[in-house]
Amino acid sequence: MEIKKQRFGSKFIKNFWRELEKDNLALLATILLIVLFLFIIIGQIFVPTDIGTMSNILSANLPPLTNGHILGTTNSGADFVLTLIASASNSLIIGFGVAILITIISVTFGMIIGYFGGWIDWIAMRLIDFWLVMPLLMILAIIFSTAKGLSIWSLILILAVLSWPPNVRLIRTLTLSEVNRDYVQAAKISGTPWYKILFTGIFPNISSTVISDFALTLAGSIGIETSLTYLGFGLKHGTSSLGTMLTVLSGSSASSVYTQWWLWIPVTLVLIILTFGIVVLGQVARRAIDQRQSVSLI
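Residue numbers run consecutively from 1 along every chain, following the written order of its sequence. Restriction of local features to residues with pLDDT of at least 70 applies here, the model being predicted, together with a cutoff of 80 or more for giving and counting side-chain atom pairs; totals for whole chains, interfaces and linings are based on all residues. Hydrogens and water molecules were not included; the side-chain quantities draw on all heavy atoms of the structure.

Student: Mind showing me how you'd approach the packing of helix H7 (residues 165-179) against helix H9 (residues 194-230) here?
Tutor: A pair of packed helices is characterised by two quantities: the angle between their axes and the separation of those axes. An axis is simply a line fitted to the C-alpha atoms; with a helix, the fit covers only the stretch in contact. Between two such axes, the angle follows the N-to-C directions and lies from 0 to 180 degrees. Starting at the N terminus, helices and strands are each numbered in turn, a helix being any DSSP run of H or I of at least four residues and a strand any DSSP run of E of at least two. One way to put it is that H7 packs onto H9 with a least axis distance of 10 Å and a crossing angle of 160 degrees. It follows that H7 is roughly antiparallel to H9 by the angle criterion. Pair H7 / H9 crosses with right-handed handedness. Touching Asn167, Leu170, Ile171, Leu174, Thr175, Glu178 and Val179 of H7 are Ile202, Asn205, Ile206, Thr209, Val210, Asp213 and Thr217, all from H9. Note on residue classes: Ala, Val, Leu, Ile, Met, Phe, Trp, Tyr, Cys and Pro are nonpolar, Asp, Glu, Lys and Arg are charged, and everything else, Gly too, is polar. A breakdown of the residues in the contact of H7 with H9 according to their chemical character gives 7 nonpolar, 5 polar and 2 charged. If an angle is under 35 degrees, it is roughly parallel; if it is over 145, roughly antiparallel; if it lies from 65 to 115, roughly perpendicular; otherwise it is oblique. Handedness of a crossing is defined here by the sense of rotation of the near helix relative to the far one, left-handed for an anticlockwise turn of less than a right angle and right-handed for a clockwise turn. Whether two residues touch is decided by their heavy atoms; if any such pair falls within 4.5 Å, the residues are in contact.

This is the structure in structure tokens:
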């Protein structure tokens, strides 16, 4: 048994790289994400703490390569590249925060609901059905307009609390497909506690889908934050994010898309690399885990 556990853990990295070698698109996405993450992490060293509230009219809207500003400055006078770094960093924090909270909620409650079934499952599914038909966008708009801007952590909490039902339903369905399998029945007969059956028995067998769902949730959370902030809701004034950058850029004249392309292209590329790259890597990790599980049964 100990040998199987070692093989189960040691094969994942090999399988992951093997999948990358076979998938040129995933390999490209990985390289772009690594470069972007290094750019953001290293760039944080040079980002001023007040970049979101900076106001310098004399340095506003400078063209590229002016006074040491590679891509010029924003309409507030802040360096555009540093603003982009701060914005991408905050959007990533929001995305990971929401995805982690939703994954914890969905894995915990989804597996419990699917494992015990009965009246617990009935009540939970009715609650989820009710939650899914609620006009969540309208609720979000009311919350954000009333609060007149939220902090990063408040936004993470609200998005996670309002977005968990589909993920819980998915994990519940996966758990239901595992509950009647022989290994679960044998564990029940042997007196294994239910929580051990869930987290050491069922969870490893559904982990590939959990990883894939986490990646989709992460990419979706970044997209939701960007959309809400772009529409005028979401983060409070002075908090940089990709959504706030798009909002500022969209306030410029329509011709700025062509005359100031150096402002639009970097923001768009960062969004594409983040969302597309994360989803692709999630699928690669899922395939690698599926292979790892098959090896561990040998």
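There is more to say after this.
Student: Explain the pattern of salt bridges to me, please; I cannot follow it from the model alone.
Tutor: Note that side chains of opposite charge can pair when their charged atoms are close. Each reported salt bridge corresponds to a side-chain nitrogen of Lys or Arg within 4 Å of a carboxyl oxygen of Asp or Glu. A full pass over the atoms with the stated rule returns 7 salt bridges. Measuring nitrogen to oxygen at the nearest pair gives 3.5 Å for the salt bridge that ties glutamate 19 to lysine 22. Note that glutamate 19 and lysine 22 are positioned in helix H1 (residues 2-22) at a spacing of 3 residues, about one turn of the helix. Judged by its relative accessible area of 58%, lysine 22 is exposed. Where glutamate 178 meets arginine 181, a salt bridge forms, and the shortest distance between an N and an O atom there is 3.3 Å. Only protein chains enter the calculation, and the probe is 1.4 Å; a residue is then buried if its accessible area is under 20% of its type maximum, exposed if over 50%, and partly exposed in between.

Student: Got a minute to help me understand the nonpolar core in this structure?
Tutor: Among soluble globular proteins, nonpolar side chains are generally buried collectively. Take the buried Ala, Val, Leu, Ile, Met, Phe, Trp, Tyr and Cys residues and link them wherever side-chain atoms come within 4.5 Å; each set so joined is a nonpolar core. Ranked by size, the top nonpolar core spans 39 residues in total, and within it Phe16, Ile222, Leu242, Val267, Val270 and Leu274 carry the most contacts. Where this core is concerned, the elements lending two or more residues are H1, helix H2 (24-43), helix H3 (80-116), H9, helix H10 (242-250) and helix H12 (261-296). Considering each element in turn, this core owes the most residues, 14 residues, to H12. Contact partners of leucine 242, with chain neighbours within four places excluded, come to Leu84, Ser87, Ala88, Ser91, Thr226, Val267, Val270, Leu271 and Leu274.

Student: Whenever I open this one, the confidence of the model for the chain confuses me. Can you help?
Tutor: Interpretation of this model should avoid reading the predicted coordinates in detail wherever pLDDT is low. Residues at a pLDDT of 70 or more form 88% of the chain, whose mean pLDDT is 81. pLDDT is defined as a per-residue confidence score from the predictor, taking values between 0 and 100. At the level of individual helices and strands, the chain shows its lowest average pLDDT in helix H11 (residues 256-259), which scores 59, and its highest in H3, which scores 92. Throughout residues 1-9 the model reports pLDDT below 50, and contacts reaching past four residues in sequence, or to other chains, amount to 7 contacts. Ignoring residues within four places in sequence, the model shows residues 292-298, a span with pLDDT below 50, making 14 contacts including any to other chains.

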